[in-house]
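Chain and residue survey
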Amino acid sequence: MSLAEIKAELKSMNRAERMTLAEYLETLNRLDDPGVREEISTAMQRMDSGRKVTEEEILASHQQLLAEGR
């Protein structure tokens, strides 16, 4: 599909579809950033070495931050 075809298709999309696509493109652009790839690699290495948190711990931390107004 050519860029012209993509642009034409975008014109037929509703706002919600375009916003979803914009978010997807931003994600792809971030993944192409060498700094972001390095951050992900470092985080994966920490997790592989056992430094992990559970979903419950993350949710509890989030709730605590909300309670503190952060």
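Notes on the structure in this doc start here. (Residues numbered from 1 in each chain as written. Predicted model: local features only at pLDDT ≥ 70, side-chain atom pairs only at ≥ 80, totals over all residues. Heavy atoms only, no water.)

Attention shifts here to the overall build of the chain. Of regular secondary structure, the chain possesses four helices and zero strands. Shown N-terminal to C-terminal, the secondary structure of the chain runs as helices and strands in the order α-α-α-α. For a compact globule of 70 residues, the expected C-alpha radius of gyration is about 11 Å, and the chain comes in at 19 Å, more than 25% above that figure. The C-alpha extent of the chain, read off along each of the three principal axes, is 45 × 30 × 15 Å. Element-wise, carbon and sulfur atoms account for 56% of the exposed surface of the chain, whose accessible area totals about 6,400 Å². (Helix = DSSP H or I, 4+ residues; strand = E, 2+ residues; numbered from the N terminus. Rg over C-alpha atoms; globule rule 2.2 N^0.38 Å. Areas by Shrake-Rupley, 256 points an atom, 1.4 Å probe, with all protein chains shown as cover.)

As a further point, take a negative patch on the surface. Where like charges cluster on the molecular surface, the negative patch consists of Asp-32, Asp-33, Glu-38 and Glu-39. Relative to the helices and strands, Asp-33 resides in the loop between α2 (15-31) and α3 (34-48). (Patch = residues over 30% accessible without salt bridge, like charges linked within 9 Å, V, L, I, M, F, W, Y side chains within 5 Å. Salt bridge = Lys/Arg side-chain N within 4 Å of Asp/Glu carboxyl O. Lys, Arg positive; Asp, Glu negative; His and termini not counted. Charge placed at Lys NZ, Arg CZ, Asp CG, Glu CD.)

With the rule as written, the count across this model stands at one salt bridge. As a salt-bridge pair, Arg-70 and Glu-68 come within 2.6 Å of each other at their nearest N and O atoms. When its relative accessible area of 64% is taken as the criterion, Arg-70 is described as exposed. (Buried < 20%, exposed > 50% of the residue type's maximum accessible area, 1.4 Å probe, protein only.)

Turning our attention to a nonpolar patch on the surface. Judged by side-chain polarity, Leu-31, Ile-40, Met-44 and Met-47 come together as a nonpolar surface patch covering roughly 320 Å² of accessible area. Examining the composition of the nonpolar patch, we find that three residues originate from one element, α3, more than from any other. Mapped onto the elements, Met-47 comes out in helix α3. Classification of Met-47 by relative accessible area gives partly exposed; the value is 35%.

As a further point, take the environment of Gly-50. Mapping Gly-50 onto the fold places it in the loop between α3 and α4 (55-67). Spatially, the C-alpha atoms of Gly-50 and Leu-28 are 28 Å apart, while their sequence positions differ by 22 residues.

Another point: α3. Relative to the 21 Å expected for 15 residues at 1.5 Å per residue, α3 spans 21 Å between its end C-alpha atoms, a close match to the ideal helical length. The backbone nitrogen of Gly-35 has a side-chain oxygen 2.6 Å away, supplied by the residue at the start of α3, namely Asp-33. Note on α3: the residue one or two positions beyond its end, Gly-50, has a positive phi of about 105°. (Expected span 1.5 Å × (residues − 1). Polar contact = N/O pair within 3.5 Å; in protein donor to acceptor, adjacent residues only side chain to side chain.)

Mapped onto the elements, Leu-10 comes out in helix α1 (residues 3-12). Considered as a pair, Leu-10 and Glu-56 are 46 residues apart in the sequence and their alpha carbons are 40 Å apart. When neighbours within four sequence positions are excluded, Leu-10 is seen to be in contact with Arg-18 and Leu-21. (Contact = heavy atoms within 4.5 Å.)

Bear in mind that shape data such as this cannot, by itself, settle questions of function.
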